[in-house]
Amino acid sequence: FQAEDGIRDVERSRGLGDVYKRQDQDYTKEKQAIELYLKRSGGSYKKLSPQDVDFRILSDTNTVIGYAEVKVLDTDMKNSFPLQVDARKIIKLRDKRLSAVMIWMCIDGILYLPIEGLVGSSHWDKTTGELVLSYSNKKLFKYVRKPQN
C-alpha cells in the first residue's frame, strides 16, 4: 500500500518457517488430544497422512478399532460452542466404516463425540467455500479436562 505522501505500509509476509511452526504446534496439540481421549477409552494410536483422517485407533493387540479427527481450537471448552468442522472431515471418518470420533482440542481439555451422535446444522463458509457443520448442544458432548500442571 502506498499512501499519497509516499510512506509505505510494510505488510508482514508469513514465511515457510511460520507455516512449519504452526503445523508443529497443531500436531503437538492433536497428539495431546488423542492421548487425553485414549486415557479414557484405552488403546494406542497411529498418525495418518495429511490427506487422510488424523489418527488410527488401535486396541491393546494392535488391531484397528477406530479412527479420530482432531480440530484444534484456541478457546476454552465452555466458550467453544458452537463447535464447527468441515463436512468433508466427517465424511472421511464415515468412509472408514469403523468406529469414528470427532475431537475438539481446547485450551483446557477436549470435547468429543462419536460421529453417529453429532446433531447440528450446516452452512457454506463464504471464505473457504467449504460446507461447515456446526454443533451447539453442549449436553451431547463428553469432555476430558487437561491435568493441571
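Before reading on, note that the structure itself is shown above.
Treat the numbers as computed from the prediction; the structure is a model and nothing was measured.

**Q** Sorry if this is basic, but what is going on with the sheet that holds strand β1 (residues 44-47) here?
**A** Backbone-to-backbone hydrogen bonds pair the strands of a sheet. The strands run either parallel or antiparallel. A sheet is described by the order of its strands in space; here six strands give the open sequence β1-β2-β3-β5-β6-β9, paired in mixed fashion. Each having just a single partner strand, β1 and β9 (142-145) make up the two edges of the open sheet. On average, each strand axis in the sheet is inclined to that of its neighbour by 30 degrees, with strand direction left out of account. When strand β5 (residues 99-106) meets strand β6 (residues 109-114), the two strands line up antiparallel, connected through six bridges.

**Q** Looking at this structure, how should I read the pattern of salt bridges?
**A** It is possible for side chains of opposite charge to pair when their charged atoms get near one another. Applying the stated criterion across every chain, the model contains nine salt bridges. Residue Asp-52 pairs with Lys-96 through a salt bridge whose shortest N-O separation is 3.0 Å. Taken together, the positions of Asp-52 in the loop between β1 and β2 (55-58) and Lys-96 in the loop between α2 (87-95) and β5 put the pair 44 residues apart, joining distant regions of the chain.

**Q** I would appreciate a short explanation of the pairing of β2 in the present structure.
**A** Working note: regular strand, side chains alternate between the two faces of the sheet. By the bridge criterion, four bridges tie β1 to β2 in an arrangement that is antiparallel. Looking at β2, one finds that Ser-44 is bridged to Leu-58. A loop of five residues connects β2 with strand β3 (residues 64-72), the two strands running antiparallel in sequence, and Asn-62 in this loop sits at a positive phi of about 70 degrees.

**Q** Teacher, can you tell me more about the packing of aromatic side chains here?
**A** Scanning the model with the defined rule gives six aromatic pairs in all. With 5.0 Å between their ring centres and 80 degrees between their planes, Tyr-37 and Tyr-112 make a pair best called edge-to-face. With Tyr-37 in helix α1 (residues 16-41) and Tyr-112 in strand β6, the pair connects residues that are 75 residues apart, well separated along the chain. The pair Tyr-37 / Tyr-112 is uniform in exposure class, with both members buried. Pairing Tyr-45 with Phe-55 gives two aromatic rings, centres 5.4 Å apart and planes at 90 degrees, and the pair type is edge-to-face. Of this pair, Tyr-45 sits in strand β1 while Phe-55 sits in strand β2; the two residues are ten residues apart in sequence, bridging distant segments of the chain. Positioned above the aromatic ring of Phe-55 is the side chain of Lys-47, whose terminal nitrogen or guanidinium carbon lies 5.1 Å from the ring centre.

**Q** Any chance you could explain the nonpolar core here in plain terms?
**A** Here is a general trend for soluble globular proteins: nonpolar side chains tend to be buried in one another's company. Formed by 22 residues in total, the largest nonpolar core has its most connected members in Ile-90, Trp-104, Leu-118, Tyr-135 and Phe-141. Only β4 (83-86), α2, β5, β6 and β8 (131-135) provide two or more residues apiece to this core. By residue number, the principal contributor to this core is β5, which donates four residues. In contact with Tyr-135, not counting residues within four places along its chain, are Phe-81, Pro-82, Leu-83, Val-85, Ile-90, Trp-104, Leu-118, Val-119, Gly-120 and Phe-141.

Cut-offs used in this document
- Residues numbered from 1 in each chain as written.
- Predicted model: local features only at pLDDT ≥ 70, side-chain atom pairs only at ≥ 80, totals over all residues.
- Heavy atoms only, no water.
- Pairing = 2+ DSSP bridges.
- Helix = DSSP H or I, 4+ residues; strand = E, 2+ residues; numbered from the N terminus.
- Axes fitted to C-alpha atoms, helices over the stretch in contact; angles between N-to-C directions.
- Salt bridge = Lys/Arg side-chain N within 4 Å of Asp/Glu carboxyl O.
- Phe/Tyr/Trp six-rings, centres within 6.5 Å; stacked < 30°, edge-to-face > 60°.
- Buried < 20%, exposed > 50% of the residue type's maximum accessible area, 1.4 Å probe, protein only.
- Lys NZ or Arg CZ within 6 Å of the ring centre and 35° of its normal.
- Core = buried A, V, L, I, M, F, W, Y, C linked by side-chain atoms within 4.5 Å.
- Contact = heavy atoms within 4.5 Å.

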